[in-house]
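Spelled out, the chains give:
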Amino acid sequence: AQSVTQPDIHITVSEGASLELRCNYSYGATPYLFWYVQSPGQGLQLLLKYFSGDTLVQGIKGFEAEFKRSQSSFNLRKPSVHWSDAAEYFCAVGAGSNYQLIWGAGTKLIIKP
Amino acid sequence: DVKVTQSSRYLVKRTGEKVFLECVQDMDHENMFWYRQDPGLGLRLIYFSYDVKMKEKGDIPEGYSVSREKKERFSLILESASTNQTSMYLCASTHGTAYNSPLHFGNGTRLTVT
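Residues numbered from 1 in each chain as written. Chains lettered and ligands numbered in written order. Predicted model: local features only at pLDDT ≥ 70, side-chain atom pairs only at ≥ 80, totals over all residues. Heavy atoms only, no water.

Engineer: Outline the packing of aromatic side chains, listing residues and values.
Structural biologist: Evaluation of the coordinates by the stated rule reveals 16 aromatic pairs over all chains. Consider the rings of Tyr50(A) and Phe67(A), whose centres lie 4.8 Å apart with planes at 25 degrees: the pair is stacked. Of this pair, Tyr50(A) sits in strand β6 (residues 44–50) while Phe67(A) is found in strand β8 (residues 64–68), placing the two residues 17 residues apart along the sequence. Considered together, Tyr50(A) and Phe67(A) belong to a single accessibility category, that of buried residues. Judged by centre distance (6.3 Å) and plane angle (20 degrees), the ring pair of Phe33(B) and Tyr35(B) falls under stacked. Take Phe33(B) and Tyr35(B): they sit in the same class, and that class is buried. Lying over the aromatic face of Tyr10(B), Arg9(B) brings its terminal NZ or CZ to 5.6 Å of the ring centre. (Phe/Tyr/Trp six-rings, centres within 6.5 Å; stacked < 30°, edge-to-face > 60°. Helix = DSSP H or I, 4+ residues; strand = E, 2+ residues; numbered from the N terminus. Buried < 20%, exposed > 50% of the residue type's maximum accessible area, 1.4 Å probe, protein only. Lys NZ or Arg CZ within 6 Å of the ring centre and 35° of its normal.)

Quick look at the structure:
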């Protein structure tokens, strides 16, 4: 069965520092990969997605993610975080014929001033 | 911008009550979803609907039902609320599939069952 693992429940980063959030998936073929963000009190919003082609994808708010087939990973990165990036980040995988997503448990990002 | 509106932000109900969670979207999306969000478990799909009066079970449909009488409205029903249904409930909609179109989420309804 397909699964998604976000190994870090919480991550604390200083404002202005770089960020990497980890996501690993389990699936036999190349899945559809997504990162969504949930800001406090807000609905989830799509940051970026990967279907095929260039393995480095750019998203909104200055985020990027890299698909690494050999590591079954799709890690999210940002070179310099801002206080407004404090949120919960969810990795999701689309890997079935029913077009539904399988979600990771989420990583809560805390920004230190 | 797509707007997905969930009727209540917070809801407190008693065990055994029938509970209705309402969701309305304003972009004529065919597909609508109800998810449950719990700490450490991410989002789990309860039900989805791909057209009026059509519904499909998700991963955790037990204890829930849904209704979609109009395209813009998708209701989640807890027939007899139990304490283990205390959770955050998220409604989402999309045009096309979740693979090729972004899911648009409401702000969520935090339900407490006492």
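Back to the write-up after that little detour.
Engineer: Give a description of the pattern of salt bridges that names residues and reports values.
Structural biologist: All told, the structure shown has ten salt bridges over all chains when counted by the stated rule. With a closest N to O distance of 3.5 Å, Lys18(B) and Glu79(B) form a salt bridge. Here Lys18(B), found in the loop between β2 (10–13) and β3 (19–25), pairs with Glu79(B), found in the loop between β8 (73–78) and β9 (87–94); they are 61 residues apart in sequence, far enough to count as distant. By relative accessible area, Lys18(B) is classed as partly exposed at 45%. Note on Glu79(B): relative accessible area 43%, which makes it partly exposed. Overlapping salt bridges bring together Glu64(A), Glu66(A) and Arg77(A) as one network. (Salt bridge = Lys/Arg side-chain N within 4 Å of Asp/Glu carboxyl O.)

Engineer: Summarise the pairing of strand β5 (residues 32–38) of chain A; cite the residues concerned and give the values.
Structural biologist: Residues and elements named next belong to chain A. Along β5, six of the seven residues are buried, which leaves the element largely enclosed by surrounding structure. Inspection of the sheet shows β5 paired to strand β10 (residues 87–94) by seven bridges, in the antiparallel sense. Paired with tyrosine 36 across the bridge in β10 is phenylalanine 90. Bridge analysis of β5 against β6 gives six bridges, and the strand direction is antiparallel. Within β6, the residue paired with glutamine 38 across the bridge is leucine 44. (Pairing = 2+ DSSP bridges.)

Engineer: How would you sum up the sheet that holds β3(B)? Please name residues and give values.
Structural biologist: All names here are of chain B. Strand order in the open sheet formed by four strands is β1-β3-β8-β7, and the pairing between neighbours is antiparallel. Each edge of the sheet is formed by a strand with only one pairing partner; in this case those strands are β1 (4–6) and β7 (64–70). Strand after strand, the sheet turns through a mean of 20 degrees between neighbouring axes, direction not considered. When β7 meets β8, the two strands line up antiparallel, connected through five bridges. Bridging across to β8, tyrosine 64 finds its partner in leucine 78. (Axes fitted to C-alpha atoms, helices over the stretch in contact; angles between N-to-C directions.)

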